[in-house]
Each structure stands twice: as C-alpha cells, then as structure tokens.
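# Coordinates in review
The chain contents come next:
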Amino acid sequence: MRRGSWKVRIFIGLAIVAFAFIRRCNNKEENPYTGRVQNINMTADQEIAIGLQSAPEMAQQHGGLYPDERMQALVDAVGNRLVQNSIARETPYQFDFHLLADNRTINAFALPGGQCFITYALFSQLDESQLAGVLGHEIGHVIGRHSAERIAESNFWQTLTMGASVGGDMGGLVSGIGQNTLLKNGRGDELESDELGVLLMIQSGYDPNSMIKVMEILRASAGPNRVPEFQSTHPDPENRIEKIKEAIKKYSGR
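In this report, we go over the structure that sits alongside the text. (Residues numbered from 1 in each chain as written. Predicted model: local features only at pLDDT ≥ 70, side-chain atom pairs only at ≥ 80, totals over all residues. Heavy atoms only, no water.)

### Quick word on the overall build of the chain
Each helix and strand counted, the chain has 9 helices and 5 strands in total. When the helices and strands of the chain are read in sequence order from the N terminus, they spell out α-β-β-α-α-β-β-β-α-α-α-α-α-α. Per-residue burial over the chain gives 46% buried out of 254 residues. In the chain, once contacts between residues fewer than 6 apart in sequence are set aside, the share between residues at least 24 apart is 70%. (Helix = DSSP H or I, 4+ residues; strand = E, 2+ residues; numbered from the N terminus. Buried < 20%, exposed > 50% of the residue type's maximum accessible area, 1.4 Å probe, protein only. Contact = heavy atoms within 4.5 Å.)

Right under this line is the structure:
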C-alpha cells in the first residue's frame, strides 16, 4: 500500500471514530425514573412504535397467545395493578401484558415501549404475588429503557469497529471489546430491573420477597448445565437474590 493511501485510510478511520464518540455524547440523557445517564438515540414514541410493530411476531414465535381468557385477565389485572400504583403510571409508555401459549419455554420478556410477555410455562408455576414479581421486572426493563440503550450502544460499537477497520487492522479487537461490554451491560440491566420490580411490588401492595421465589424457580428450570454468568446476559440467580434482598431493605426498611 502506498504511503499516501495509508495516511488517507487512517484519517478516514479516525474521522469515523470521532463521529461515533461525538454522536454518543450528544445522545446522553438522564432517565428521570432511575437517575441513570444513558446513551439513547430514540424518543419514547419511537420505542412504543417499535414494540407495537414487533409484538405480533414475538407472540407468533411462542405459539401465539394462550387461549384461556380468564388466565389472560389475571395477567392483565396484575400488570395493570403494578402500573397504576407505581412510578410506571408517570411514564409515557403504553403497557400491555400478553400470556403466550408456549408451555415448554420458561421465559418472560419486554419490548421497547411497554409490550410485556410471559409464557404459559412460567405463568403456570407462579402464584399471583410471584407473577407480580415477573411482570414488575419486565416493566422495569421498559422504564429503564434498556432496549433503547442497547440499540444505541450497539450502533456506537458498530461505528467504532468500522472506523478501526478502515484505519487499520483493529476492527476485530474493537468488536470483541464491544461484545464484552454489551454482555456486561446486559447483566446490569437485569439487576436494575430486579430493583425496579421490587419497588413496583412494594408500591402496589405485593410482597417483594416473592421475587426471591421466582429466582429459585428460574434457577431450578436452568438445571445443572446452566451457562456461567460471565458468558450470559443474565446474572447468576444467587447474585440476583442477594441484590433483591438489598432492594427490599432499601425500599421497605426491612
């Protein structure tokens, strides 16, 4: 490669890296419900739109919605109780709760903007208070804007990787660092959602200790071959239980 061409590549690579950092700084904003400063590149309305658009496909991937209206009504009642009696009511998000027909996969998740899902496989193992723990955790993901933050962070690392690749041979290294960072941040999201879930449960009159039982159910469902924490986006249930106990003391004084 000619020396002049090499210099141009370095200049372009540095310009791309600089653009990534400038855009990241401009996207910083404080979450009014958690007090945490985040890298966000979309509005609440855009989050809501993404969630509404993605919800039918996500339901289809889990066998559609569970056909029993009484059980769906219970999920709605618990979810709405959590929203109406907590800080979730103050947010701009449109919360909807969906019971999925999947009777094999123990799971619950939330899309940006307020679409919350729980599989029948998990629902069938819970009492009402434990269900509140699961739904409170998923509401916490929405309030914490975790999906929006992960999207913005992924865009940042992709741009950074591109700049490193153009300017030299460091693209693979930067990409690896980015993946590890996103993995670590993902575990932080889970712990923050657990804490928010505890707060929502207390504000709505549920026993937050029920969330500890949920962790025990999740631990049992994972079996002896569960993925080590350093390889997983979810913290180990034992670590989550300790953090939940700390959150209970923080918000209830006991």
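### Some words on the pattern of salt bridges
Tallying each qualifying case throughout the model produces 10 salt bridges. Here Arg36 and Glu192 are joined by a salt bridge, their closest N and O atoms 3.0 Å apart. Here Arg36, found in the loop between strand 1 (28-30) and strand 2 (37-39), pairs with Glu192, found in helix 7 (residues 171-203); they are 156 residues apart in sequence, far enough to count as distant. Across the pair Glu128 and Arg81 runs a salt bridge, and its minimum N-O distance is 3.7 Å. With Glu128 in helix 5 (residues 128-143) and Arg81 in helix 3 (residues 69-84), the pair connects residues that are 47 residues apart, well separated along the chain. For Arg81, a relative accessible area of 31% corresponds to the partly exposed category. Via salt bridges that share partners, Glu29, Glu47 and Arg145 belong to a single interconnected network. (Salt bridge = Lys/Arg side-chain N within 4 Å of Asp/Glu carboxyl O.)

### Observations regarding the packing of helix 5 against helix 8 (residues 210-222)
Interaxial distance between helix 5 and helix 8 falls to 8 Å at its minimum, and their mutual angle equals 80°. Taken together, the axes of helix 5 and helix 8 are roughly perpendicular relative to one another. Here helix 5 contributes Ser129, Gln130, Gly133 and Val134 to the contact with helix 8, which in turn contributes Ser210, Met211, Lys213, Val214 and Ile217. Looking at the contact of helix 5 with helix 8 residue by residue, the class counts come to 4 nonpolar, 4 polar and 1 charged. (Axes fitted to C-alpha atoms, helices over the stretch in contact; angles between N-to-C directions. Parallel < 35°, antiparallel > 145°, perpendicular 65-115°, else oblique. Nonpolar A, V, L, I, M, F, W, Y, C, P; charged D, E, K, R; others polar.)

### Focus on helix 5
End to end, helix 5 covers 22 Å across 16 residues, agreeing with the expected 22 Å (1.5 Å per residue, within 8%). Counting buried residues along helix 5, 15 of its 16 residues qualify, which places the element largely inside the surrounding structure. For helix 5, the side-chain oxygen to backbone nitrogen distance between the N-cap and Ser129 is 3.2 Å, and the N-cap itself is Asp127. Remark: Arg145 follows helix 5 within two positions and exhibits a positive phi of approximately 55°. (Expected span 1.5 Å × (residues − 1). Polar contact = N/O pair within 3.5 Å; in protein donor to acceptor, adjacent residues only side chain to side chain.)

### Considering the pairing of strand 5 (residues 115-119)
Each regular strand displays side chains that alternate between the two surfaces of the sheet. Where burial is concerned, most of strand 5 is hidden: 5 out of the 5 residues are buried. Both faces of strand 5 are covered, namely the face carrying Gln115, Phe117 and Thr119 and the face carrying Cys116 and Ile118. Of the pairings in the sheet, the one linking strand 3 (residues 96-100) to strand 5 comprises 5 bridges and is parallel in character. From the neighbouring strand, Leu99 faces strand 5, where its bridge partner is Ile118. (Pairing = 2+ DSSP bridges.)

### Re the packing of aromatic side chains
The tally for this structure, following the rule as stated, stands at 3 aromatic pairs. When the ring of Phe109 is compared with that of Phe117, the centres are 4.9 Å apart and the planes differ by 15°; the resulting orientation is stacked. Take Phe109 and Phe117: they sit in the same class, and that class is buried. Look at Tyr120 and Phe123: their rings are 6.2 Å apart centre to centre, the planes differ by 40°, and that puts the pair in the tilted class. (Phe/Tyr/Trp six-rings, centres within 6.5 Å; stacked < 30°, edge-to-face > 60°.)

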